[in-house]
There are 2 protein chains.
Amino acid sequence: MKIAPAGSLGHRIWSAGVLLRSPSGLVERLRLRVFSQAYPSLKFSGKTMVETKDHDTLLASMRSRVQEQGDIVRALKNRNAPDSELKVALAELKARKKLLEEKEAELVPLSPNFDRSKLEDLLKQRFFYDQSFAIYGGIQGLYDYGPMGCAMKANLIAAWRQHFILEDQLLEVDCSMLTPAPVLQASGHVERFTDLMVKDTKTGECFRADHLVKANLEAKQKDKKTTEVEKQEIQKLLTQLDNFGSKELDEIIRRYEMKAPNTNNDLTEPQDFNLMFATMIGPTGNCKGYLRPETAQGIFVNFQRLLQFNQGRIPFGAAQIGSAFRNEISPRSGLIRVREFAMAEIEYFVDPKNKQHPKFDRVCNVSMALYSACDQMDGNMPRKMTIGEAVDQGIVANETLGYFMARIHQFLLLIGIDPQRLRFRQHLSNEMAHYACDCWDAECQTSYGWVECVGCADRSCFDLTQHARATGTRLVAEKRLTEPRMVRVCECVPNKQALGKTYRGEAKSLTERLSTLTVDEALELKATLDSVGEAEVLVDGKPFIVDISMVKMKDYESKVHVEEIVPNVIEPSFGLGRILYAVFEHSFRVREGDEQRTYLSVPPLLAPYKCSVLPLSSHPDFGPFIRQLSDALTKAGVTHRIDESSGSIGRRYARTDQIAIPYGITIDFDTLNKSPASATLRERDSMKQIRVPISALPALVSDLSNGILDWTEAQSRFPAFEQQETGKQN
Amino acid sequence: MKIAPAGSLGHRIWSAGVLLRSPSGLVERLRLRVFSQAYPSLKFSGKTMVETKDHDTLLASMRSRVQEQGDIVRALKNRNAPDSELKVALAELKARKKLLEEKEAELVPLSPNFDRSKLEDLLKQRFFYDQSFAIYGGIQGLYDYGPMGCAMKANLIAAWRQHFILEDQLLEVDCSMLTPAPVLQASGHVERFTDLMVKDTKTGECFRADHLVKANLEAKQKDKKTTEVEKQEIQKLLTQLDNFGSKELDEIIRRYEMKAPNTNNDLTEPQDFNLMFATMIGPTGNCKGYLRPETAQGIFVNFQRLLQFNQGRIPFGAAQIGSAFRNEISPRSGLIRVREFAMAEIEYFVDPKNKQHPKFDRVCNVSMALYSACDQMDGNMPRKMTIGEAVDQGIVANETLGYFMARIHQFLLLIGIDPQRLRFRQHLSNEMAHYACDCWDAECQTSYGWVECVGCADRSCFDLTQHARATGTRLVAEKRLTEPRMVRVCECVPNKQALGKTYRGEAKSLTERLSTLTVDEALELKATLDSVGEAEVLVDGKPFIVDISMVKMKDYESKVHVEEIVPNVIEPSFGLGRILYAVFEHSFRVREGDEQRTYLSVPPLLAPYKCSVLPLSSHPDFGPFIRQLSDALTKAGVTHRIDESSGSIGRRYARTDQIAIPYGITIDFDTLNKSPASATLRERDSMKQIRVPISALPALVSDLSNGILDWTEAQSRFPAFEQQETGKQN
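Within each chain, residues carry numbers counting from 1 in the order of the written sequence. The order in which chains are written sets their letters, starting at A; the order in which ligands are written sets their numbers, starting at 1. Predicted model: local features are reported for residues with pLDDT of at least 70 only, side-chain atom pairs are reported and counted for 80 or more only, and whole-chain, interface and lining totals are derived from all residues. With hydrogens and water set aside, each side-chain value is computed from the structure's full complement of heavy atoms.

Draft legend 1. Fine view of the overall build of chain A. In this description a helix means any DSSP run of H or I spanning at least four residues, a strand means any run of E spanning at least two, and both kinds are numbered starting from the N terminus. The helix and strand inventory of chain A stands at 27 helices and 29 strands. Taken over C-alpha atoms, the radius of gyration is set against a globule rule of 2.2 Å times the number of residues to the power 0.38. The C-alpha atoms of chain A give 30 Å as radius of gyration, which agrees with the globular expectation for 730 residues (27 Å, within 12%). Across its three principal axes, chain A shows a C-alpha extent of roughly 105 × 70 × 55 Å. Categorising residues by exposure relies on relative accessible area from a 1.4 Å probe, with only protein chains included: less than 20% of the type maximum marks a residue as buried, more than 50% marks it as exposed, and the intermediate range marks it as partly exposed. Across the 730 residues that make up chain A, the buried fraction comes to 59%. Note on contacts: a residue pair is in contact if any heavy atoms of the two residues lie within 4.5 Å. A separation of at least 24 residues holds for 70% of the contacts in chain A among residues at least 6 apart in sequence. Only the protein chains shown count as cover for residues, and the accessible areas themselves come from Shrake-Rupley with a 1.4 Å probe. Carbon and sulfur atoms provide 49% of the accessible area of chain A, an area that totals close to 30200 Å².

Encoded structure:
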């Protein structure tokens, strides 16, 4: 669950760092939340900003405030300060970091004239996507992709397959979305995949507890009647909000007498709400299931089959592209937070003792914006460096992780992410689950802030271990030793009769536990039994006393040729909807001098159609040419859209620009009358045109779309066509 | 819902012909069930078959029995016999037809040596697909596709997109699977998408009522203690089983004292079990939702957006590829009946008065095996004819339906369905939903019988009308009239105040109803009000009295340039899992003279990898060549699998044959030592090899895989390579 496309997991799960998967979503939530908290005395809205202050000086002072707090965090860590103390300091650090980032974005904007409402108009109007079931009133957090969005999504998936699966010969699987409860109990989701929720005691309306508390505190803070002392108190609470559990949030709700929005009714105590959609599989009502909250588990439960398919060898990677579901309490933010979404996940299984990657040399010179945990603590900017340097310097934990980060970087550029608005941010130590070695998020800057679009984590052996434990299956790989080795083996053979007599109904689980002890565990048990005659064994947290009558310990040396290892897993995890949305923002353009002419400059690879076919007018003689050309384009595999509607050619170009079609073919009267027949080919971004023989068009557009040829090269091969498409100068 | 991949809908929904979508699954169920019922005195198992009887005579006599019953059905129809009488006669007809078909399959087998267990071994062993969550004990009806199955499924989808979406410029959408209840209430699924179920009264175990009754009756029939009279009685019940509802089934259960299998406990009365997976959307518990049971509804609820995207014009087609879910009571039959499955559906919206298709002339000569309703009633075999003839003769209802049937036919051959084991079967009149005009199923013969893989129906305006009614939205298209027309308009303007006074809380829905009367309804209302002064109006079945004080009727003529029409919809609907399974069966082969060497002869288009790359031995010098070739293949877009494992080259060929890889490249010592470097290329089905320069291989394999070149042509271009791959002569 690297990605939190719905980005809403309560931090109390994550920052506790106990069980679940990596804590993505947390930082972003902070990002959306903490702005203007660390510097309450400064106001950053356009009107009241302290404009006299020099930008650089302001940023420098903010950076040093981050660094100051970073030093405090480091010092706490060095002296092994209590977790609670560290959490408080980290929350403050994040608040300062967040503020710095926002300020940087404001003073040095990457996309100064971007207007989200204009983009949203375009996307809705041309049905890239829109709310599902709108004629029935719509459902929050559910979206339908229309023809344009659907084609882009399909192209994104095809590009992903080509870039990752084909390139690294990953084993792709397609697993059930319906998932029985025990699988998600083992993964930790049943217990901990929750958000805190409060309800209106009368209407039953639900709110995310932290959202509600935050909104209330912020309103209170702005209230003129609030004293300065109270404001400072509120500020403290806001900064630490992510550290609060249900008890603390309940206290704040009671203390500030918070009520339900709109109705002003009382609120219930915050309660955990599990974010998975539950259902019953089969008719008996005994088989509870969930819609999967991520695709990764399907790979883990198939590990043995995949290993066998790979002829028993590691490393190998498996991948899955598919839907996942999260029952958000109250989703907003368009495609960024949804209840049903497409993911693509890779689980790359490696030898824990050797995380080198055979193809690392191919990517080691890829230069990326890395935002290390250290630089985040120091208030520095992300740093451009090659992945080779980053691995050498230990900034990125290992080659395999680095390899995938570089491949992710290449992929995102390929599909149209602006490199200036892309960075890899390392998780701070308390953001990471305790078992993870290292974790980096590919973040894209959008009008919603820096949004995590891809996560890339080294998750150690956590997932396989959990499922092995839950099922009693050995999820291991065998590694051939360079030479045979004598190893000490210690086995515990339970005496079922004796155990049954003492523990009856509980004997079975105890027996199972004893049969699957690791060598170290068995040796420890043996030592205790040898010295004391009995020992305590924990089964699911419950202690059992085992004495020498109940077990027989076998301790011997054995010659082995292979060793069994639990592979570690490197997990790149992509939120496809978020990536698409980032591409939309990064490719949104307005024609110079014409505010109304918006368009999408997405790469041909991702464009929903590669080409439009436009007759100059509705003259019937154009018909046969259009039909013939359309067939030839279809045969060449060029997706295209014919627009025979009335409207000037300029207006139709504008329409095709809006749906991101990179190339446009216009059939005009010269096409009909001159021989050999030719037509104009227009490129979307430059609006330049060339004149090309009709017979050459399908292959040309195909090459242009597949990146075999670029537009400049095409321009050098065919004569320019100079006619202006509108009255305006371009 | 043309497809019933889970094939389990209780016939009482369908044959009642009242509301839901086409009744697929019914006939197949009959097919699986009725065998050996119509001729109980003949036994068809190998041992006891009446082998003396001449095949032709036997079949002819069976055919005439079908025809005899077909004539009875026709006679009943002609004299408008009661529905109940017709049902009984049809059940008998189907039983006879079924028996005839089975006999034909037995006497003239299309695949005489097919051994399903061998195919299943291969599919499981090489992880094409397997039961989901097996390490947790598995869940019935859920399957995971492994790397090979997943690649084939992805290739199937890509081929489908190319063949249907690109060719006909269909508007593809990708809609939410989570669906709020009102949508599926309107479509009829909430009320009627059910099977009858009985439970063990003590353990709660569930059984499909009809399955349980059938198994019990059949056992009873075979019981030696059963008298001849009783046997005849049972035979009657078995033949009519599909006509029975819960009451009749309950009577049978009580009469024959049927008990739960295994436990012998009592059974509950049969009760309706809805086959949709239910869940709650959002945290309130107020928004009930279901996982969609088909993808079609997503298209219908987006009709307006799609029409707008198509600039208001019909005809146009929309398509969706995605997952759907059915909570089968007790699924069996592998991929044929599953709880989660992939579908691809097209909804082609046409003018009800013009169902011609502009591209019909391109397919009119496609020759197909058509099994018309008439031929089914006459006991005839399916008939080879062109779709042009079929439409001309009125066997297929219209050109658009015929166009898609031909395109489906082409597609199925393209992806590897054996034309000898493919037929299009027309629904008998009582199989069709009452609103459908015509419906044909593309059926593939498998070891499970003739399995419906694609349905193709003209569904008239049913779906749009249902959603328009449920939402009060106008789901219509405008058709420009050749010349303006004067039309009579009649509108009802409700007097809200007067209505509110009389009907209070109910006034709102009544007002809505009155505001959306059709012209005919309004004219009728006006006539009644004019003559009687009041009229009864039904809202959701409840009558309201409306008098002249409550409404104002406007009745006038108006000049219109367009007319509004509710488009009809032609729906081709593909069950992708079933199609894949049929391809597996149709492409399964055993090497002559070697029973153990099984392989899959699927077309390169669908093959999971296009090519294998095999070093002759594990000699380290092969490494660089392999790497270089692999890169070149990747660049050329050729999916491939490297097998560097030990094992003879013959054994490795056998392994790649099993996973359907059509071409194999072997690097041998000549590759290393001779210049220019060359390698052998082997074709899977013929096992013939040619010697090709390494530099030419990527393009050659790419062309072969894409169907640009065939193997014979490749053989003529490059020298044959004669070395035998095994000791055996090929």
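Draft legend 2. How the structure looks around unusual backbone geometry. Put simply, Ser675 of chain A and Pro676 of chain A share a cis peptide bond, and its omega is -5°. Residue Ile314 of chain B is joined to Pro315 of chain B through a cis peptide bond whose omega torsion reads 0°. Of note, Pro315 of chain B is situated in the loop between helix 13 (303-309) and strand 10 (316-325). Unusually for a residue other than glycine, Asn264 of chain B sits at a positive phi of about 65°. Mapped onto the elements of the fold, Asn264 of chain B is located in the loop between helix 11 (246-255) and strand 7 (271-274). Accessibility expressed as a relative area gives 56% for Asn264 of chain B, which makes it exposed.

Draft legend 3. Spatial organisation of the interface of chain B and chain A. Contact with chain B, which involves 89 residues of that partner, is made by 88 residues of chain A. Buried surface area refers to the total accessible area, computed with a probe of radius 1.4 Å, that the two partners give up upon joining, counted for both partners together. Across the chain B to chain A interface the summed buried area is about 7400 Å²; carbon plus sulfur atoms make up 58%. Counted as salt bridges are all cases of a side-chain nitrogen of Lys or Arg within 4 Å of a carboxyl oxygen of Asp or Glu. At the junction of chain B with chain A, the criterion picks out six salt bridges. Note that Lys153 of chain B and Asp174 of chain A form a salt bridge whose closest N and O atoms lie 2.4 Å from each other. Nitrogen and oxygen atoms within 3.5 Å of one another constitute a polar contact, given that in protein one can donate a hydrogen and the other can accept it, and given that sequence-neighbouring residues count only through two side-chain atoms. In this structure, the connection of chain B to chain A is made through 34 residue pairs in polar contact (both at pLDDT 80 or more). Take the side of chain B that touches chain A: its biggest share by element is nine residues, from helix 6 (residues 147-168) of chain B.

Draft legend 4. The side chain of Asn155 of chain B, seen in detail. Residue and element names in this part refer to chain B. Inspection of the secondary structure assignment puts Asn155 in helix 6. Assessed through its relative accessible area of 19%, Asn155 is described here as buried. Ignoring anything within four residues of it in the chain, the contact list for Asn155 reads Leu605, Leu606, Ala607, Pro608 and Lys610.

Draft legend 5. Focus on the packing of helix 19 (residues 496-503) of chain A against helix 20 (residues 507-515) of chain A. Residues and elements named next belong to chain A. Closest axis-to-axis distance for the helix 19/helix 20 pair is 9 Å, and the angle between their directions is 140°. As judged from the angle between their axes, helix 19 and helix 20 are oblique. With respect to the hand of their crossing, helix 19 and helix 20 are arranged in right-handed fashion. Contacts between helix 19 and helix 20 involve Lys496, Leu499, Gly500 and Tyr503 from the first element and Ala507, Leu510, Thr511 and Leu514 from the second. Each axis is a line fitted through C-alpha atoms, and for a helix only the stretch in contact is used; angles between axes span 0 to 180 degrees, taken between their N-to-C directions. Under this scheme an angle from 65 to 115 degrees is roughly perpendicular, one under 35 degrees roughly parallel, and one over 145 degrees roughly antiparallel; angles in between are oblique. Here is the rule for handedness: rotate from the far helix to the near one, and if that takes an anticlockwise turn smaller than a right angle the crossing is left-handed, while a clockwise turn gives right-handed.

Draft legend 6. Summary view of the UniProt feature "domain: WHEP-TRS" (unreviewed entry) in chain A. Under the feature "domain: WHEP-TRS" (unreviewed entry), the UniProt entry names residues 58-114 of chain A. Between the first and last C-alpha atoms of residues 58-114 of chain A the distance is 25 Å; the span itself is 81% helix and 0% strand. UniProt positions are given in the numbering used here, feature names are shortened, and annotations may be inferred rather than shown by experiment.

Draft legend 7. Up close: the pairing of strand 24 (residues 611-615) of chain B. Residue and element names in this part refer to chain B. Among the five residues in strand 24, five count as buried, and that is most of the element. What you see with strand 24 is no split at all: Cys611, Val613 and Pro615 on one side and Ser612 and Leu614 on the other are buried throughout. Think of it like this: strands point away, you trace from the first strand over the helix to the second, and a clockwise trace means the crossover is right-handed. Traced from strand 24 through helix 23 (residues 622-635) to strand 25 (residues 640-642), the parallel crossover comes out right-handed.

Draft legend 8. Representation of the environment of Trp450 of chain A. When you line up the elements, Trp450 of chain A lands in strand 16 (residues 449-458). Taking C-alpha positions, Trp450 of chain A is 10.0 Å from Arg425 of chain A, a pair spaced 25 residues apart along the chain.

Draft legend 9. Structural context of the relation of the copies chain B and chain A. Taken as rigid bodies, chain B and chain A are interconverted by a rotation of 180° and an axial shift of 0.0 Å, the fit giving an RMSD of 0.4 Å. Here the symmetry operator amounts to a two-fold rotation axis. Closest approach to the rotation axis within chain B is made by the C-alpha atom of Thr279 of chain B, at a distance of 2.7 Å. What sets the superposition is a least-squares fit of C-alpha atoms, and only residues with pLDDT of at least 70 in both copies go into it.

Draft legend 10. How the structure looks around helix 6 of chain B. Residue and element names in this part refer to chain B. A helix is expected to span 1.5 Å multiplied by its residue count minus one. For helix 6, built from 22 residues, the straight-helix expectation of 32 Å at 1.5 Å per residue is met to within 8% by its first-to-last C-alpha distance of 31 Å. Where helix 6 bends most, the angle comes to about 30°, and this point is Arg161. Burial analysis of helix 6 places 18 of its 22 residues in the buried class, the great majority of the element. Directly after helix 6, the chain includes Gln169, whose backbone phi takes a positive value near 45°. To get the bend at a given residue, fit one axis to the seven residues ending there, fit another to the seven starting there, and take the angle between those axes.

Draft legend 11. Examining the sheet that holds strand 9 (residues 288-291) of chain A more closely. Residues and elements named next belong to chain A. Each pair of strands is called paired provided DSSP finds at least two bridges between the two strands. Pairing is antiparallel across the open sheet formed by three strands, whose spatial order is 4-9-8. What marks the edges here is a single partner per strand, and that holds for strand 4 (178-180) and strand 8 (278-280). Mean inter-strand twist for the sheet, computed between neighbouring axes without regard to direction, equals 45°. Inspection of the sheet shows strand 4 paired to strand 9 by three bridges, in the antiparallel sense. If you follow Pro180 over to strand 9, its bridge partner there is Gly289.

Draft legend 12. Spatial organisation of the pattern of salt bridges. A complete count under the given rule lists 98 salt bridges over all chains for this structure. When the shortest N-O distance is used, the salt bridge between Asp463 of chain A and Arg459 of chain A registers 2.7 Å. Arg459 of chain A carries the same exposure label as Asp463 of chain A, and that label is buried. For Lys359 of chain B, the salt bridge is made with Glu167 of chain B, and the minimal N-O distance between the two is 3.2 Å. Of this pair, Lys359 of chain B sits in the loop between strand 11 (340-350) and helix 14 (360-363) while Glu167 of chain B sits in helix 6, placing them 192 residues apart in sequence.

Draft legend 13. Focus on the sheet that holds strand 25 of chain B. Residues and elements named next belong to chain B. Spatially, the six strands line up as an open sheet ordered 25-24-26-27-28-29, and their pairing is mixed. Every interior strand has two partners, whereas the edge strands, strand 25 and strand 29 (720-721), have only one. Sheet topology note: the strand 28 (residues 689-693)/strand 29 ladder contains two bridges and is antiparallel. The residue of strand 29 that forms the bridge with Ile690 is Ala720.

Draft legend 14. Up close: the confidence of the model for chain A. All names here are of chain A. Scored from 0 to 100, pLDDT records how confident the predictor is in each individual residue. When pLDDT is averaged along chain A, the result is 87; 92% of the residues meet or exceed 70. Below pLDDT 50 for its whole length, residues 1-52 participates in 209 contacts with residues either more than four positions away or in separate chains. Under a pLDDT of 50 for its full length, residues 726-730 has, in the predicted model, six contacts with residues more than four places off or in other chains. Overall fold confidence (pTM) sits at 0.84, and the ipTM for the predicted complex is 0.84.

Draft legend 15. Region of the structure containing helix 9 (residues 209-222) of chain B. End to end, helix 9 of chain B covers 20 Å across 14 residues, agreeing with the expected 20 Å (1.5 Å per residue, within 8%). Among the residues of helix 9 of chain B, Ala209, Asp210, Leu212, Val213, Lys214, Leu217 and Gln221 of chain B are the ones counted as buried.

Draft legend 16. Looking closely at the environment of Thr203 of chain A. Residue and element names in this part refer to chain A. Mapping Thr203 onto the fold places it in the loop between strand 5 (194-199) and strand 6 (206-208). For Thr203, a relative accessible area of 45% gives the class partly exposed. Linking Thr203 and His409, residues 206 residues apart in sequence, is a C-alpha distance of 48 Å. At 3.2 Å, the side chain of Thr203 forms a polar contact with the backbone nitrogen of Glu205.

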